[in-house]
Amino acid sequence: GSSGVQEPAADCTPTIATPVPAPSAGTGGRNDNGRQQSEPPIAFVDPWAKSSWTLLRQRRFGLFFLGSLTSNLGTWLQSTAQILIAYRVTHSVLIVGVITSAQFAGMILVSPWSAVVAGRVGTRTLLIGTQGSSALIAIYMAWSYHTKMLGMHTLIFCALSLGLAYALALPV
């Protein structure tokens with residue numbers, strides 16, 4: 001059209017934004033120095049601005065987005081609950097620090113090789129395995145907590161296991 005905004009290409013390749021003259025700011029066409037401007041300032045209109053959220057309408061991406069959101073929320077809740085339970089059981093901030101360090105130790109130890117493991121095992125198999133192991137860790141911790149058998153060593157082991165599972169799932 002004549003508005004100066006380019007529509008996205010049919011093959012979904014990004015295009016460069018087209019400059020569109022901005023409306024006058026009420027200065028009478030004069031710049032900051034009081035001189036007459038020859039052209040109005042240029043504002044850039046992003047042709048993808050209207051379609052940023054249309055990606056969620058695609059079924060496959062919508063399922064991926066909801067699954068990823070659920071997984072990340074579950075991981076965050078499990079990590080937070082683990083820290084809160086560690087404090088409730090031990091009443092020690094030192095143990096809370098050790099638990100937090102154990103959660104990230106798995107990522108430090110395994111992350112450099114997790115992409116290789118994902119390539120050899122397969123992303124689907126690895127994702128199912130890591131999510132399943134995270135669920136088993138949560139069930140084991142809940143059972144241990146309710147039977148009053150949850151101690152410092154169990155908390156550290158579960159934190160390290162959860163960190164390892166999360167690190168393996170990162171490239172997927």
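In this report, the structure presented in the accompanying data block is examined. Source: prediction; values computed, not measured.

**Examining the overall build of the protein**
Stage number 1. Across its full length, the protein holds 4 helices and 2 strands.
Stage number 2. Ordered by position in the sequence, the α and β elements of the protein form the string β-β-α-α-α-α.
Stage number 3. Per-residue burial over the protein gives 20% buried out of 172 residues.
Stage number 4. Across the protein, the fraction of contacts at a sequence separation of at least 24, relative to all contacts at a separation of at least 6, is 64%.

**Focus: the packing of aromatic side chains**
Stage number 1. In the structure shown here, the tally under the stated rule is 3 aromatic pairs.
Stage number 2. Taken together through their ring pairs, the aromatic side chains of Phe61, Phe64 and Phe65 make up a single cluster.

**Digging into the side chain of Ser79**
Stage number 1. In this fold, Ser79 is placed in helix H1 (residues 59-90).
Stage number 2. Non-local contacts of Ser79, meaning those with residues more than four positions away in its chain, are made with Gln103 and Leu162.

**Examining helix H2 (residues 93-121)**
Stage number 1. Taken as a whole, H2 carries its principal kink of about 60° at Val110; the proline Pro112 stands between one and four residues after it.
Stage number 2. Taken as a whole, H2 has its buried residues at Ile95, Val96, Ile99, Ala102, Gln103, Gly106, Val110, Ser114 and Ala118.
Stage number 3. At its buried positions, H2 is contacted by H1, helix H3 (123-146) and helix H4 (152-169).
Stage number 4. Positive backbone phi, approximately 110°, marks Gly122, located one or two places after H2.

**Examining unusual backbone geometry**
Stage number 1. In the Ramachandran plot, His91 falls in the positive-phi region, its phi being about 55° despite a non-glycine side chain.
Stage number 2. One can find His91 in the loop between H1 and H2.
Stage number 3. Even without being a glycine, Lys148 presents a positive backbone phi close to 60°.
Stage number 4. Mapped onto the secondary structure, Lys148 falls in the loop between H3 and H4.

**A look at the nonpolar core**
Stage number 1. Ile85, Ala86, Ile95, Ile99, Ala102, Ile137, Met141, Leu150, Leu155, Cys158, Ala159 and Leu162 form the largest nonpolar core, which has 12 residues in total.
Stage number 2. Taken together, the elements giving at least two residues each to this core come down to H1, H2, H3 and H4.
Stage number 3. Element by element, the count of residues in this core is highest for H4, at 4 residues.
Stage number 4. Apart from residues lying up to four places away in sequence, Cys158 is in contact with Gln82, Ile137, Tyr140 and Met141.

Rules used throughout
Residues numbered from 1 in each chain as written. Predicted model: local features only at pLDDT ≥ 70, side-chain atom pairs only at ≥ 80, totals over all residues. Heavy atoms only, no water. Helix = DSSP H or I, 4+ residues; strand = E, 2+ residues; numbered from the N terminus. Buried < 20%, exposed > 50% of the residue type's maximum accessible area, 1.4 Å probe, protein only. Contact = heavy atoms within 4.5 Å. Phe/Tyr/Trp six-rings, centres within 6.5 Å; stacked < 30°, edge-to-face > 60°. Bend = angle between axes of the 7 residues up to and from the residue. Core = buried A, V, L, I, M, F, W, Y, C linked by side-chain atoms within 4.5 Å.

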